[in-house]
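Summary of structural features
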Amino acid sequence: MLDVNVIREDPERIRQMLRDRNKDESVLDRFLAADEKWRALTEEGNRLRKVRNEESLKISKMKGDEKSALIAEMKKVSARIGEIEQEMAATEEARQDAILNIPNIPHPSVPIGKDENDNVVVYEWGEKRVFDFKPLTHSEIADNLGIIDFDRGTKVAGSGFYCLKGDGARLERALVSYFLDRHRDQGYTEVFPPVVVNRAAVIGTGQYPNLKDDMYHLERDDMWLNPTAEVPVTNLLQGEILEKSQLPINYTAYLPSFRREAGKHSDTHGIIRVHEFNKVEMVRFVEPEGSFDVLERLRMDAEELIREMKLPYRVLLLCTGDMSFSCAKCYDLEMYAPGEDRWLECSSCSCFTDFQARRARIKYRPAPHLKSEFVHTLNGSGLALPRTMVAILENYQNKDGTVTIPEVLRPYMRGQEVIGN
RNA sequence: GUGGAGGUGGCCCAGCCUGGUAAGGCGCUAGACUGCUAAUCUAGUGUCCGCAAGGACCCGGGGGUUCGAAUCCCCCCCUCCACGCCA
């Protein structure tokens, strides 16, 4: 959520921003109209309440006819206040709905563009491997090795679910442990929050209402299945006022994530786009000063893992049109998958400035006597598991159908070097 | 799930029975005083509207009663304790 004052001061700047983001401008006009009406109603309501407060106090000191007359008069005032309050409630809802649908303002360094074709490749790292045989896709490899059981996963939960098995399940577990351990080295505290979150939480990080159709909703209890650990982890500090000395707070969490992927075609196969996947997430709460420098650091925390696994990848700076709702700036990391012969997004690292903090009311005191201010939040995947698994299987596959385990992961697999022999 | 106790500015806590401007303490900040510090005294220390003067709002959330609700009534949420059930 943006600061209302920022919108009021320069609405045209916001209008331009919505255009840059390829979003409908009408939301701004809806906000401005509702805001103006809301302010007028606030003033009138305040005026009438002042009258009522003063007169009510007099009533307590009166007697007889004079008292009854004033009570009768105040009855009318109260009725009018009631009307105004009803109108205010409706106006406020419209105003709130509008502002919750205005996205964050992009950082000046974000390229202006329409869609993913306008994203900028910052750089590529690593060499694409040259094969002396035709590399297989991850599903072919996994099938041959019996480490992913697609059919039985589907049997249990339906299309878009799968079951890891044997060394596949062990590799998954190794990746989770390795990622978490490395983030711990990088200064993050490991947390394991609930996988089910409430409405306040999904509003707090901005998934609701914009992405509500992409989340699994438990209707009976009005709860959601975690869409990304960003939600429960960021909301751990919801409504809190932190001391400056507590910042920065860096959390890392392993958590299953659930996506309905509504409306997306299944142009992918295997485990590239699934309804349930594991992910290790990094979340940082920082002072506003220098938060975009922290984004570079956060991104490097994710990149280090990919480098250590020796997987080729590239860094994309997302353009205004492709960046998600709450971001001020966002990098995607994409690993190269030779079997698929395509780049796969395995991490998204974003700075949200105070956009989420305002929604989730996460503040800090810059100094003991000063007013509390909103913190800045950042997060990044470090990393999404299935696509990392795809990249490992496809990059580390051998001619004989086996897969070499990346060196950094071997300690987590009791020294095992190869899957499938 | 049942029974009990609770939820009041950053923190603690009074007020609720018996409706009438939310008391006090701690912490923090500024000023005064003081060789320094401490103590003490004074003021400030939530949100919103307003250029300001000023005003409104805020007692877990939502309704209701009333001229007027922290206080009375109804519904819901959360915390703690006990019991029950359970991996």
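Keep in mind it's a predicted model, so treat the numbers as computed, not measured.

Analysis parameters
- Residues numbered from 1 in each chain as written.
- Chains lettered and ligands numbered in written order.
- Predicted model: local features only at pLDDT ≥ 70, side-chain atom pairs only at ≥ 80, totals over all residues.
- Heavy atoms only, no water.
- Buried < 20%, exposed > 50% of the residue type's maximum accessible area, 1.4 Å probe, protein only.
- Helix = DSSP H or I, 4+ residues; strand = E, 2+ residues; numbered from the N terminus.
- Pairing = 2+ DSSP bridges.
- Disulfide = S-S within 2.5 Å.
- Domains from an automatic or database assignment.
- Polar contact = N/O pair within 3.5 Å; in protein donor to acceptor, adjacent residues only side chain to side chain.
- Contact = heavy atoms within 4.5 Å.
- Near = heavy atom within 4 Å.
- Nonpolar A, V, L, I, M, F, W, Y, C, P; charged D, E, K, R; others polar.
- Expected span 1.5 Å × (residues − 1).
- Lys, Arg positive; Asp, Glu negative; His and termini not counted.
- Salt bridge = Lys/Arg side-chain N within 4 Å of Asp/Glu carboxyl O.

Here we take up the pairing of strand β12 (residues 329-337). For β12, the tally of buried residues reaches nine of nine residues, placing the bulk of the element in the interior. Covered by surrounding structure in β12 are Lys-329, Tyr-331, Leu-333, Met-335 and Ala-337 together with Cys-330, Asp-332, Glu-334 and Tyr-336, the residues of both alternating faces. In the sheet, strand β11 (residues 313-317) pairs with β12 via five bridges, with the strands oriented antiparallel. Across the sheet, the residue bridging to Tyr-313 is Met-335, located in β12.

Before going further, it helps to spend a moment on the state of the cysteines. Counted by the stated rule, this structure contains zero disulfides. With no disulfide of its own, Cys-319 lies 11 Å from the sulfur of Cys-330, the closest cysteine sulfur. By relative accessible area, which is 0% here, Cys-319 ends up buried. Left unpaired, Cys-346 is separated from the closest cysteine sulfur, that of Cys-349, by 8.9 Å. Take Cys-346: its relative accessible area is 1%, and that puts it in the buried class.

As a further point, take the sheet that holds strand β6 (residues 217-218). Across the sheet, three strands lie side by side as β5-β7-β6; this open sheet has antiparallel pairing. Of all the strands in the sheet, just β5 (196-198) and β6 have a single pairing partner and so form its edges. With three bridges connecting them, β5 and strand β7 (residues 223-225) associate as antiparallel partners. Directly across from Val-196, in β7, lies its bridge partner Leu-225.

We now examine the domain arrangement of chain A. Structurally, chain A comprises domain 1 (4-99) and domain 2 (116-419). In this structure, domain 1 and domain 2 have C-alpha centres spaced 43 Å apart.

The next thing to look at is the side chain of Lys-279. Of note, Lys-279 is situated in strand β10 (residues 276-286). Within polar-contact distance, the side chain of Lys-279 engages the side chain of Glu-281 at 2.6 Å. Beyond its immediate chain neighbours, meaning those up to four positions away, Lys-279 contacts Thr-228, Ala-229, Ala-253, Tyr-254, Leu-255, Ser-257, Arg-259, Ser-381, Leu-383, Ala-384 and Leu-385.

Here Leu-247 and Pro-248 are connected by a cis peptide whose omega angle stands at -5°. You can see Pro-248 is positioned in the loop between β8 (241-243) and β9 (249-258). Following Gly-382, the chain continues into Leu-383 via a peptide bond in cis, with omega recorded as 5°. Here Leu-383 is to be found in strand β16 (residues 376-384). Positive phi, normally seen in glycine, also occurs at Asp-341, with a value near 55°. Relative to the helices and strands, Asp-341 resides in the loop between β12 and β13 (342-351).

As a further point, take the protein's contact with RNA strand B. Neighbouring residues of RNA strand B: 23 residues in total, closest Arg-8, Arg-39, Asn-46, Ser-56 and Ser-78. Across the atoms of RNA strand B situated within 4 Å of the protein, the share located in sugar and phosphate is 79%. Within the contact set of RNA strand B, a sugar or linking oxygen lies 3.5 Å away from a backbone nitrogen or oxygen of Ile-71. Residue assignment for the surface near RNA strand B shows that the elements contributing at least two residues are α3 (26-59) and α4 (64-100). At 12 residues, the largest contribution of residues to the surface near RNA strand B is made by α3. Its residues assigned to classes, the surface near RNA strand B shows seven nonpolar, seven polar and nine charged.

Our focus in this paragraph is helix α10 (residues 291-308). With 18 residues, α10 ought to run about 26 Å at 1.5 Å a step, and its terminal C-alpha atoms sit 26 Å apart, in line with that. Along α10, the positions that sit buried rather than exposed are Ser-291, Phe-292, Val-294, Leu-295, Leu-298, Arg-299, Asp-301, Ala-302, Glu-303, Leu-305 and Ile-306. Positive phi shows up at Lys-310, right after α10, with a value of about 55°.

Examined against the element boundaries, Glu-230 turns out to sit in helix α9 (residues 230-235). The side chain of Glu-230 sits in the buried core without any salt bridge; Lys-279 is the nearest counter-charge, 6.3 Å away. A distance of 3.3 Å separates a polar atom in the side chain of Glu-230 from a polar atom in the side chain of Asn-379. Not counting residues within four places of it along the chain, the set of residues in contact with Glu-230 comprises Thr-205, Gln-207, Asn-235, Glu-281, Val-283, Phe-352, Gln-356 and Asn-379.

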